[in-house]
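Listed below, chain by chain, are the residues.
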Amino acid sequence: MKDYSHDPAAEMKMKWLSVSMPRSSDDVEAEINSLNPRRYRRKIFEVPAPQLGDLEEDLSREADEKIRTLAFWRSYRLKNAYVKEHIGDRYRTCYEDWDKQRREFNANEDECERAKNAKYDNEYAEQVAKLRSCLAGEDDCVQECIDRVVAGLDVPFSSDLTLDVHRDSAELIIFKAHLPSIESFPKDGPVALKSGAIKIKPKTQKRLREEYATYLFSLVSYVSARLMDASPMVSGIIGSAYAKRMNKESSLVDECLFSGIFEREAVCTALSDGTDAEEFCLSSTHRCNMTKTKIFKAVKPLQ
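Rules behind the numbers
- Residues numbered from 1 in each chain as written.
- Predicted model: local features only at pLDDT ≥ 70, side-chain atom pairs only at ≥ 80, totals over all residues.
- Heavy atoms only, no water.
- Helix = DSSP H or I, 4+ residues; strand = E, 2+ residues; numbered from the N terminus.
- Buried < 20%, exposed > 50% of the residue type's maximum accessible area, 1.4 Å probe, protein only.
- Contact = heavy atoms within 4.5 Å.
- Phe/Tyr/Trp six-rings, centres within 6.5 Å; stacked < 30°, edge-to-face > 60°.

Visitor: Could you give an account of the environment of Ile 198, with specific residues and numbers?
Guide: With respect to the secondary-structure elements, Ile 198 resides in strand E4 (residues 198-202). Judged by its relative accessible area of 58%, Ile 198 is exposed. The spacing of Ile 198 and Val 83 is 115 residues in sequence and 90 Å in space, taken between C-alpha atoms. Ile 198 has contacts with Pro 190, Val 191 and Ala 192, leaving out every residue within four places of it along the chain.

Visitor: Let's hear about the packing of aromatic side chains: which residues, and what values?
Guide: The tally for this structure, following the rule as stated, stands at 13 aromatic pairs. When the centroid spacing of 6.4 Å and the interplanar angle of 25° are considered together, the rings of Phe 258 and Phe 262 count as stacked. In this structure, Phe 258 and Phe 262 share a single accessibility class: buried. These aromatic residues form a ring-pair network of at least three members: Trp 16, Phe 217, Phe 258, Phe 262, Phe 280 and Phe 296.

Visitor: Residues and numbers for unusual backbone geometry, please.
Guide: Phi at Phe 157 is positive, roughly 65°, even though this residue is not glycine. Tracing the chain through its elements places Phe 157 in the loop between helix H5 (139-151) and strand E1 (162-167). Exposure remark for Phe 157: the relative accessible area of 18% places this residue in the buried category. Phi angles above zero are rare outside glycine, and Lys 294 is one such case at about 65°. Turning to its location among the elements, Lys 294 is positioned in the loop between strand E8 (289-290) and strand E9 (296-297).

Spatial relationships are all this shows, so hold off on functional conclusions.
Here it is as structure tokens:
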């Protein structure tokens, strides 16, 4: 696995390029049609029924213990008579015990099968209802996806990142990403020497600005794709990136560095084509005042 400890921007870029395609209505319908309720697999009663041959051997051993005589011809006759006298009752008793055990086992399996299948039917119904809710773009379903994205945002600097998301309408989700400052980025990084060796050296300001821009655009693109998957009803995302920066009065202010509108078709096309996040963001309707050297100036966010 590649080490991204010196280059969180590259890690964020890979997350954007590998994020799942937002599901379409056809995708959700196909997922619904592919579902089937699980069925309980009954256990098999494996205790064999009593066999006459086995019982005869048992009775023969009993006869050996109970019948003692020196006359072997008389002993054989008495033992044989003992087995014949008791075999019927012994078989009947053993069979009744076995049959009772079998019926109790099957009755228990019947109950277990009913309970398990009822549980599986409920689970299936819940899965279908959840997907139908996603398909219809119901508020609870969309909010659940939003909460999941916000709570499980597994990206570089996630602990220093704040995501504010709300559903503006049935088709539109708006988010604001409050990014860590550029000062949070690693100041050192690997550099390939002429000898082919890799050495960790301080990054230039130019490289730091480039990495910060890559992180910003990749994060905005990634979050947009994740939120777009909340429901096929969501056709647009407005995403803005903010950062706290020092103003002329040496005070920290929260400034908007980028704001863009992303349509579903554009997001899906960009993911399908593996479009670079910066190219994707700047090809959408957006506000961004970035110089060629990747210096961001504050802009007014889109509403």
